[in-house]
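# Descriptive structure summary
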Amino acid sequence: MTDGGNKHHLEFEADLANLALMAEFIEDKGLELGLPDEARRALELATDEAVTNVISYAYEGREHGPVRLTLSRIGKKAYLVIEDEGSGFDLADVKEPNLDAPLEERDIGGLGWFFIKEMTNGYTYERNGGVNRLTLVKYLD
(Lines give C-alpha, C1' and ligand atoms only; values in the text may rest on other atoms or scores of the structure.)
Protein backbone atom coordinates (compact mmCIF):
# COMPACT_ATOMS: atom_id res chain seq x y z
CA MET A 1 0.00 0.00 0.00
CA THR A 2 1.24 3.52 -0.81
CA ASP A 3 0.36 6.83 0.83
CA GLY A 4 0.74 9.80 -1.49
CA GLY A 5 3.83 8.45 -3.24
CA ASN A 6 6.44 8.96 -0.53
CA LYS A 7 5.12 6.60 2.17
CA HIS A 8 4.64 2.88 1.76
CA HIS A 9 2.89 0.57 4.22
CA LEU A 10 2.97 -3.17 4.79
CA GLU A 11 1.19 -5.24 7.45
CA PHE A 12 1.88 -8.91 8.10
CA GLU A 13 1.60 -11.53 10.82
CA ALA A 14 4.56 -11.76 13.20
CA ASP A 15 5.96 -15.00 11.84
CA LEU A 16 9.50 -15.83 10.68
CA ALA A 17 8.03 -17.06 7.39
CA ASN A 18 7.13 -13.44 6.58
CA LEU A 19 10.69 -12.04 6.78
CA ALA A 20 11.14 -12.57 3.03
CA LEU A 21 7.99 -10.54 2.37
CA MET A 22 9.40 -7.76 4.55
CA ALA A 23 12.75 -7.79 2.71
CA GLU A 24 10.99 -7.63 -0.67
CA PHE A 25 8.90 -4.69 0.54
CA ILE A 26 11.99 -2.71 1.61
CA GLU A 27 13.79 -3.48 -1.66
CA ASP A 28 10.88 -2.68 -3.98
CA LYS A 29 9.54 0.37 -2.16
CA GLY A 30 13.05 1.62 -1.39
CA LEU A 31 13.75 1.62 -5.13
CA GLU A 32 10.52 3.54 -5.76
CA LEU A 33 11.66 6.13 -3.20
CA GLY A 34 15.08 6.39 -4.82
CA LEU A 35 16.99 5.01 -1.85
CA PRO A 36 20.58 4.06 -2.71
CA ASP A 37 21.58 0.37 -2.57
CA GLU A 38 23.56 0.82 0.65
CA ALA A 39 20.64 2.50 2.42
CA ARG A 40 18.17 -0.19 1.33
CA ARG A 41 20.48 -2.98 2.48
CA ALA A 42 21.19 -1.29 5.81
CA LEU A 43 17.48 -0.72 6.49
CA GLU A 44 16.69 -4.29 5.46
CA LEU A 45 19.27 -5.75 7.86
CA ALA A 46 18.28 -3.48 10.75
CA THR A 47 14.57 -4.14 10.17
CA ASP A 48 15.16 -7.88 9.92
CA GLU A 49 16.89 -7.80 13.31
CA ALA A 50 14.17 -5.68 14.93
CA VAL A 51 11.27 -7.68 13.48
CA THR A 52 12.94 -10.97 14.44
CA ASN A 53 13.03 -9.64 18.02
CA VAL A 54 9.33 -8.76 17.79
CA ILE A 55 8.52 -12.24 16.50
CA SER A 56 10.70 -13.95 19.11
CA TYR A 57 9.82 -11.91 22.20
CA ALA A 58 6.98 -9.40 21.84
CA TYR A 59 4.28 -11.98 21.17
CA GLU A 60 5.87 -14.72 23.27
CA GLY A 61 3.24 -17.08 24.65
CA ARG A 62 0.43 -15.49 22.63
CA GLU A 63 -1.01 -15.70 19.16
CA HIS A 64 1.12 -14.05 16.53
CA GLY A 65 0.00 -10.49 16.22
CA PRO A 66 0.46 -7.86 13.54
CA VAL A 67 3.62 -6.10 12.46
CA ARG A 68 3.22 -2.89 10.49
CA LEU A 69 5.98 -1.23 8.49
CA THR A 70 6.01 2.26 7.04
CA LEU A 71 8.87 3.24 4.74
CA SER A 72 9.22 6.88 3.77
CA ARG A 73 11.70 9.41 2.52
CA ILE A 74 11.92 13.05 3.48
CA GLY A 75 14.72 14.84 1.70
CA LYS A 76 18.04 13.17 2.46
CA LYS A 77 16.65 10.83 5.14
CA ALA A 78 14.80 7.54 4.96
CA TYR A 79 12.53 6.47 7.81
CA LEU A 80 11.33 2.97 8.55
CA VAL A 81 8.71 2.66 11.28
CA ILE A 82 8.02 -0.75 12.82
CA GLU A 83 4.87 -1.12 14.90
CA ASP A 84 3.61 -4.11 16.86
CA GLU A 85 1.07 -4.79 19.59
CA GLY A 86 3.23 -7.12 21.63
CA SER A 87 4.79 -6.62 25.03
CA GLY A 88 6.72 -3.44 25.64
CA PHE A 89 10.39 -3.32 26.50
CA ASP A 90 12.90 -0.89 27.93
CA LEU A 91 15.90 -0.04 25.75
CA ALA A 92 17.77 0.89 28.93
CA ASP A 93 17.75 -2.82 29.82
CA VAL A 94 19.66 -3.75 26.65
CA LYS A 95 23.32 -4.30 27.49
CA GLU A 96 26.08 -3.43 25.07
CA PRO A 97 27.74 -6.62 23.82
CA ASN A 98 31.37 -7.20 24.76
CA LEU A 99 32.80 -7.69 21.29
CA ASP A 100 36.30 -8.21 22.69
CA ALA A 101 35.35 -11.25 24.77
CA PRO A 102 35.77 -14.72 23.27
CA LEU A 103 32.54 -15.95 21.71
CA GLU A 104 31.95 -18.62 24.35
CA GLU A 105 32.23 -16.00 27.15
CA ARG A 106 29.82 -13.43 25.70
CA ASP A 107 26.45 -12.80 27.31
CA ILE A 108 23.37 -13.63 25.28
CA GLY A 109 21.53 -10.60 23.95
CA GLY A 110 22.35 -7.07 22.90
CA LEU A 111 24.00 -7.95 19.61
CA GLY A 112 20.86 -7.20 17.61
CA TRP A 113 20.64 -3.66 18.97
CA PHE A 114 24.35 -3.23 18.26
CA PHE A 115 23.69 -4.12 14.60
CA ILE A 116 20.69 -1.78 14.44
CA LYS A 117 22.79 1.10 15.78
CA GLU A 118 25.61 0.29 13.34
CA MET A 119 23.31 0.04 10.30
CA THR A 120 21.27 3.18 10.93
CA ASN A 121 21.95 6.79 11.81
CA GLY A 122 19.56 6.73 14.72
CA TYR A 123 16.37 5.33 16.13
CA THR A 124 13.61 6.17 18.55
CA TYR A 125 11.34 3.85 20.49
CA GLU A 126 8.02 4.64 22.12
CA ARG A 127 5.09 2.69 23.48
CA ASN A 128 1.69 4.30 23.33
CA GLY A 129 -1.76 2.75 23.68
CA GLY A 130 -0.43 -0.81 23.65
CA VAL A 131 1.59 -0.23 20.45
CA ASN A 132 5.38 -0.41 20.24
CA ARG A 133 6.82 1.98 17.65
CA LEU A 134 10.46 1.78 16.60
CA THR A 135 11.56 4.39 14.06
CA LEU A 136 14.83 3.79 12.21
CA VAL A 137 16.55 6.67 10.43
CA LYS A 138 19.06 6.32 7.60
CA TYR A 139 20.87 9.30 6.05
CA LEU A 140 21.06 9.16 2.27
CA ASP A 141 24.29 11.14 1.79
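The notes below deal with the structure included here. Given the structure is predicted, the values throughout are model-derived calculations rather than measurements.

What follows deals with the pairing of strand 4 (residues 77-84). The buried fraction of strand 4 is high, at six of eight residues. Taking the residues between adjacent antiparallel strands as the criterion, strand 3 (residues 66-74) and strand 4 are bridged by two residues, where G75 takes a positive phi near 60°. As defined by bridge partners, strand 4 adjoins strand 6 (residues 131-139) across eight bridges and the pair is classed as antiparallel. Along strand 6, the bridge assignment pairs Y79 with V137.

Counting 29 residues, the largest nonpolar core has L43, V51, V67, L69, L80, I82 and L136 as its most contacted members. Counting residues per element, the ones that place at least two in this core are strand 2 (7-13), helix 1 (19-32), helix 2 (37-58), strand 3, strand 4, helix 3 (111-119) and strand 6. Not counting the four nearest positions on each side in its chain, L80 is found in contact with I26, L43, T47, L69, T70, L71, L134, T135 and L136.

Counted under the stated rule, the structure contains nine salt bridges. One salt bridge in this structure joins K138 and E38, with 3.2 Å as the shortest N-O distance. One end of the pair, K138, is in strand 6; the other, E38, is in helix 2, and 100 residues separate them in sequence. Given a relative accessible area of 48%, E38 falls into the partly exposed group. As a salt-bridge pair, R68 and E83 come within 3.4 Å of each other at their nearest N and O atoms. With R68 in strand 3 and E83 in strand 4, the pair connects residues that are 15 residues apart, well separated along the chain. Judged on exposure class, the residue R68 and its partner E83 are both buried. Taken together, the salt bridges that share partners define one network made up of R68, E83, E85, E126 and R133.

Quick look at the packing of helix 1 against helix 2 now. Taken N-terminus to C-terminus, the directions of helix 1 and helix 2 make an angle of 150°; their axes are 10 Å apart at the nearest point. Looking at the two axes, helix 1 sits roughly antiparallel to helix 2. The interaxial crossing formed by helix 1 with helix 2 has right-handed handedness. In this structure, helix 1 contributes L19, M22, A23, I26, E27, G30 and L31 to the contact, and helix 2 contributes R40, L43, E44, T47, D48, V51, T52 and I55. For the contact of helix 1 with helix 2, the residue count by class is eight nonpolar, three polar and four charged.

About the cut-offs
Residues numbered from 1 in each chain as written. Predicted model: local features only at pLDDT ≥ 70, side-chain atom pairs only at ≥ 80, totals over all residues. Heavy atoms only, no water. Buried < 20%, exposed > 50% of the residue type's maximum accessible area, 1.4 Å probe, protein only. Helix = DSSP H or I, 4+ residues; strand = E, 2+ residues; numbered from the N terminus. Pairing = 2+ DSSP bridges. Core = buried A, V, L, I, M, F, W, Y, C linked by side-chain atoms within 4.5 Å. Contact = heavy atoms within 4.5 Å. Salt bridge = Lys/Arg side-chain N within 4 Å of Asp/Glu carboxyl O. Axes fitted to C-alpha atoms, helices over the stretch in contact; angles between N-to-C directions. Parallel < 35°, antiparallel > 145°, perpendicular 65-115°, else oblique. Left-handed = near helix turned anticlockwise from the far one by under 90°. Nonpolar A, V, L, I, M, F, W, Y, C, P; charged D, E, K, R; others polar.

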